[in-house]
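# An overview of the molecular structure
Listed below are the residues making up each chain.
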Amino acid sequence: GLTAMEKKLAEYKCNTNEAIQLKLVRFPEDLEDDNTTFNPEYSHQVFGDDEVAFGYKGLKILLYYIAGNLSTLFRIEYASKVNEKFDCVEADDVESKIREIIPPGFCTNTDDFVSLLEKEVNFKPFGMLLHTYSIHNDEAGEDITYQIYKADMTCPGFREYHERLQTFLMWFIETASFIDVDDERWNYFLVFEKYNKDGATLFATVGYMTVYNYYVYPDKTRPRVSQMLILPPFQGEGHGAQLLETVHRYYMSSPTVLDITAEDPSENYVKLRDFVLVKLCQDLLCFSPAKLMQGFSQEMVTEAQQKLKINKQHTRRVYEILRLRATNMGDAEQSRSYRLDVKRRLIGPYKKKQRELAKMRRCLRPEEMTNQLNQIDLNMQREQLEESFQQLVSDYRRVLERLAQA
């Protein structure tokens, strides 16, 4: 049983993922509209692994951004707070924790914020326009136009804008960190929505991607995607695929780019990349159904790298997805051939383990060897292999379904 004091203090714990309220504000009325509010997926980087703030009842951490230039309103509200005099405990300093990640110059009252909102008509996207596309919005009953720009730190005002933009990473990417913007090898790609307000055209921030250009001896670069985020109000609409394809096409045109990779990609990013790369590759001659049925080839590796800047590992996945499309899985022979082909690749890590075991046999005592062997049971390997294969086919089918609808 908890003591009365412990029970009382438990009432002053708040889940920070619920307490933090984010908004992208276009109109003054958005401030009072709960439908425009969204919450973080993570807050552990700011509030610790428990994602809890102690010392408040009904805590609200308001972080409102003007939709285009991301000028920020930051305010803390609560129903009550523990009192050092009576409760002998101290409330967490929530304000200083948030101040550590948001740049200075934010508003603390609504009137100042609304007056900044009136100047939003002057905001224009940074950098060079790469791509314009539109998506039909059922709710609005019309097509909405979006644009993708490439920017860098030489664009006036971009450095300050980027400082505000990157704060979203903390709430939506589990292992996010801020980048060194003084390193000139960073490229920034930004997605904006065009919208109308009182007859004027305005722009709202949708998401962005940062890419680092690594040097490859002797005269090439390898762009590596570092961070990519589509803001929650725009997720699930296809902007991630538009952004990734645009970035690929941008680098494809450069003769000095070797291939494009990603740093520590998430599961969702891998699925998105599969879709975009398959879409780009499907029309190459080396991926014709007849050639797919002959197996993975050096021709595929060469053509994908030279024309589309795709590396061998990603080309192999593209091949497996397109071969699945060309395979009649109801035909026993075709199905078996496909399964063996994919499993031969999947078994690579297991084969490596076996080679390591052979080495161990030569230098370990028998009892040590038994311990090692117990960890690698062959039946278990087969089960894991089959499980990996089934999971992969399921992921591949989803890519093909999305492709069929594109």
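Residues numbered from 1 in each chain as written. Predicted model: local features only at pLDDT ≥ 70, side-chain atom pairs only at ≥ 80, totals over all residues. Heavy atoms only, no water.

Let me state the cut-off plainly: UniProt positions are given in the numbering used here, feature names are shortened, and annotations may be inferred rather than shown by experiment.
As recorded by an unreviewed UniProt entry, the chain carries the name Histone acetyltransferase type B catalytic subunit and is attributed to Atrichornis clamosus. Recorded in UniProt under Sequence similarities (unreviewed entry), the annotation for the chain is "Belongs to the HAT1 family." A UniProt comment under Catalytic activity (unreviewed entry) is attached to the chain, and it reads "L-lysyl-[protein] + acetyl-CoA = N(6)-acetyl-L-lysyl-[protein] + CoA + H(+)".

## Describing the UniProt feature "domain: Histone acetyltransferase type B catalytic subunit C-terminal" (unreviewed entry) in the chain
Our working rule: Where helices and strands are cited, they refer to DSSP runs of H or I of at least four residues and of E of at least two residues respectively, numbered from the N terminus.
Residues annotated by UniProt as "domain: Histone acetyltransferase type B catalytic subunit C-terminal" (unreviewed entry) correspond here to residues 273-324. Helix makes up 71% of residues 273-324 and strand makes up 0%, while its end C-alpha atoms are separated by 17 Å.

## Re the environment of Cys-14
Going by this rule: It only takes one pair of heavy atoms within 4.5 Å for two residues to be counted as in contact.
Within the secondary structure, Cys-14 is located in strand S1 (residues 13-15). It is 6.7 Å that separates the C-alpha atoms of Cys-14 and Leu-59, two residues lying 45 residues apart in sequence. With sequence-adjacent residues up to four places away left out, Cys-14 is seen in contact with Glu-51, Val-52, Ala-53, Tyr-56, Gly-58 and Leu-59.

## Re the packing of helix H9 (residues 239-252) against helix H10 (residues 267-281)
Here is the rule we go by: Fitted lines through C-alpha atoms serve as axes, helices being fitted only where they are in contact, and the angles separating the N-to-C directions of these axes extend from 0 to 180 degrees. Roughly parallel here means an angle under 35 degrees, roughly antiparallel means over 145, roughly perpendicular means 65 to 115, and every remaining angle is called oblique. Note on convention: near helix rotated counterclockwise from far helix by under a right angle means a left-handed crossing. Clockwise means right-handed. Throughout, the ten residues Ala, Val, Leu, Ile, Met, Phe, Trp, Tyr, Cys and Pro are labelled nonpolar, Asp, Glu, Lys and Arg are labelled charged, and all others, Gly among them, are labelled polar.
One way to put it is that H9 packs onto H10 with a least axis distance of 10 Å and a crossing angle of 55°. Judged by the inter-axis angle, H9 sits oblique to H10. At the point where H9 passes H10, the crossing takes the right-handed sense. For the pair H9 and H10, contact is made by Gly-240, Ala-241, Leu-244, Glu-245, His-248 and Arg-249 and by Tyr-269, Leu-272, Arg-273, Phe-275, Val-276, Leu-277, Lys-279 and Leu-280, respectively. Of the residues belonging to the contact of H9 with H10, the class tally is 8 nonpolar, 2 polar and 4 charged.

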